[in-house]
Amino acid sequence: MRVLFDIGHPAHVHLFKNIIRILKQNGHEFAITARDKDVALRLLDLYNLPYKVFGSLGKGKLGLLNELVKRDIGLFKFCRKFKPDIITGTS
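Residues numbered from 1 in each chain as written. Predicted model: local features only at pLDDT ≥ 70, side-chain atom pairs only at ≥ 80, totals over all residues. Heavy atoms only, no water.

Chemist: Tell me what's going on with the overall build of the chain, and back it up with residues and numbers.
Modeler: The helix and strand tally for the chain stands at three helices and four strands. In sequence order, the secondary structure elements of the chain are arranged as β-α-β-α-β-α-β. Since a compact globule built from 91 residues should have a radius of gyration of about 12 Å, the 13 Å found for the chain is in line with a globular shape. C-alpha extents for the chain along the principal axes are approximately 45 × 30 × 20 Å. Within the span of the chain, comprising 91 residues, buried residues form 38% of the whole. (Helix = DSSP H or I, 4+ residues; strand = E, 2+ residues; numbered from the N terminus. Rg over C-alpha atoms; globule rule 2.2 N^0.38 Å. Buried < 20%, exposed > 50% of the residue type's maximum accessible area, 1.4 Å probe, protein only.)

Encoded structure:
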């Protein structure tokens, strides 16, 4: 099974870290995409979880809209290559 985890907030790292570890131990493939927000990337590094960054915190409404569009396009392209069976996240 191929699972994509989308991390949009540092709390999501804590939410998904154990299931990612279990999937890895059972031979499943996974990928993590992340938003550069607060300490999310540092936490992923701390837990030795590989990730690809799509987006950083935009400033103002136009910045957030721009981030959303770029992030969605990046995720779409990544999904076409990775071909996940399941995509999970909280946003």
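Chemist: Summarise the pairing of strand β2 (residues 29-36); cite the residues concerned and give the values.
Modeler: Among the eight residues of β2, six are classified as buried, and the element is accordingly described as predominantly covered. In the sheet, strand β1 (residues 2-7) pairs with β2 via six bridges, with the strands oriented parallel. Each bridged residue has a counterpart across the sheet, and for R2 the counterpart in β2 is E29. Between β1 and its parallel partner β2, the chain crosses via helix α1 (residues 10-25), and the hand of that crossover is right-handed. Where β2 and strand β3 (residues 52-56) come together, three bridges link them in parallel fashion. Among the inter-strand pairings, T33 is bridged to a residue of β3, identified as K52. (Pairing = 2+ DSSP bridges. Right-handed = clockwise from strand over helix to strand, strands pointing away.)

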